[in-house]
Amino acid sequence: MPGAESPVSVSCADVPRTIDLDLLIFKDECIDTDFLKLPHPRLQARRFVLVPLNELVPDLFHPTLAKPVHELLEKTPDNSAVTRWRSQRPPFPSPDLPL
């Protein structure tokens, strides 16, 4: 379009975002591009990621570290507390509530 300004390239780091989704791991896929890195490069260093992942799939192998999630959790240097959040509402949809 004549007269339209060209888009400005802005780095995503340290810029407010509406939503930030981190893809952690997908099967045994290893992807390393500017746009996507799988598995997530810091997955093994984040207890808040490893604790719920371990609850879901403790024997899932990290494809580049060749270790199961439960072992990554045992050896992570992150010792921060992770507590389960519990909602006061029933999960949706609830069989007790009309849709």
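These notes cover the structure that comes with them. Owing to the predicted nature of the structure, the values given are computational and were not obtained by experimental measurement.

Parameters and conventions
All residue numbers refer to positions counted from 1 along the written sequence of the respective chain. Reporting in this predicted model follows two pLDDT cut-offs: at least 70 for local features of residues, and 80 or more for side-chain atom pairs to be given and counted; totals over whole chains, interfaces and linings ignore these cut-offs and use all residues. The side-chain quantities take in all heavy atoms of the structure and omit both hydrogens and water. Salt bridge criterion: a side-chain nitrogen from Lys or Arg within 4 Å of a carboxyl oxygen from Asp or Glu. Runs of E in the DSSP output that reach at least two residues are strands. Runs of H or I that reach at least four are helices, and both are numbered from the N terminus. For every residue, the accessible area (1.4 Å probe, protein chains only) is compared with the maximum for its type, and the residue is labelled buried under 20%, exposed over 50%, or partly exposed between those bounds. Any two residues having at least one pair of non-hydrogen atoms within 4.5 Å are treated as being in contact. In plain words, nonpolar cores are sets of buried Ala, Val, Leu, Ile, Met, Phe, Trp, Tyr and Cys residues tied together by side-chain atoms within 4.5 Å. The term polar contact refers here to a pair of N or O atoms within 3.5 Å; inside protein, the definition further demands a hydrogen-donor-capable atom paired with an acceptor-capable atom, and it admits residues adjacent in sequence only when both atoms are side-chain atoms.

### Focus: the pattern of salt bridges
Okay, step 1: Enumeration according to the criterion identifies three salt bridges in this entry.
Okay, step 2: Here E55 ties to R84 by a salt bridge, and the two come within 2.6 Å at their closest N and O atoms. With E55 in helix α1 (residues 47-56) and R84 in the segment after α2 (69-75), this pair connects stretches of sequence that are 29 residues apart. In this pair, the class of E55 matches that of R84, namely exposed.
Okay, step 3: Among the ionic pairs, K75 bridges to E71, the shortest N-O distance being 3.6 Å. With a gap of four residues between them, K75 and E71 both fall in helix α2, about one helical turn apart.

### Focus: the environment of D59
Okay, step 1: Here D59 lies in the loop between α1 and β3 (61-62).
Okay, step 2: Placed ten residues apart in sequence, D59 and V69 show a C-alpha to C-alpha distance of 6.0 Å.
Okay, step 3: Sequence-distant contacts of D59, that is, excluding residues within four places in its chain, are made with P68 and H70.

### Structural notes on the nonpolar core
Okay, step 1: Counting residues in hydrophobic clusters, the biggest one holds eight residues: L43, V49, L50, V51, L53, V69, L72 and L73.
Okay, step 2: Only α1 and α2 provide two or more residues apiece to this core.
Okay, step 3: By residue number, the principal contributor to this core is α1, which donates four residues.
Okay, step 4: Apart from the residues within four sequence positions on either side, L73 is in contact with R47, L50, V51 and N54.

### Points about α1
Okay, step 1: Buried within α1 are the following residues: V49, L50, V51, L53 and N54.
Okay, step 2: Looking at the buried positions of α1, the neighbouring elements they touch are α2.

### Here's the deal with the side chain of T76
Okay, step 1: One can find T76 in the segment after α2.
Okay, step 2: When its relative accessible area of 11% is taken as the criterion, T76 is described as buried.
Okay, step 3: Here the side chain of T76 touches Q44 through a polar contact of 3.0 Å, landing on its backbone oxygen.
Okay, step 4: Apart from the residues within four sequence positions on either side, T76 is in contact with Q44, A45, R46, R47 and L50.

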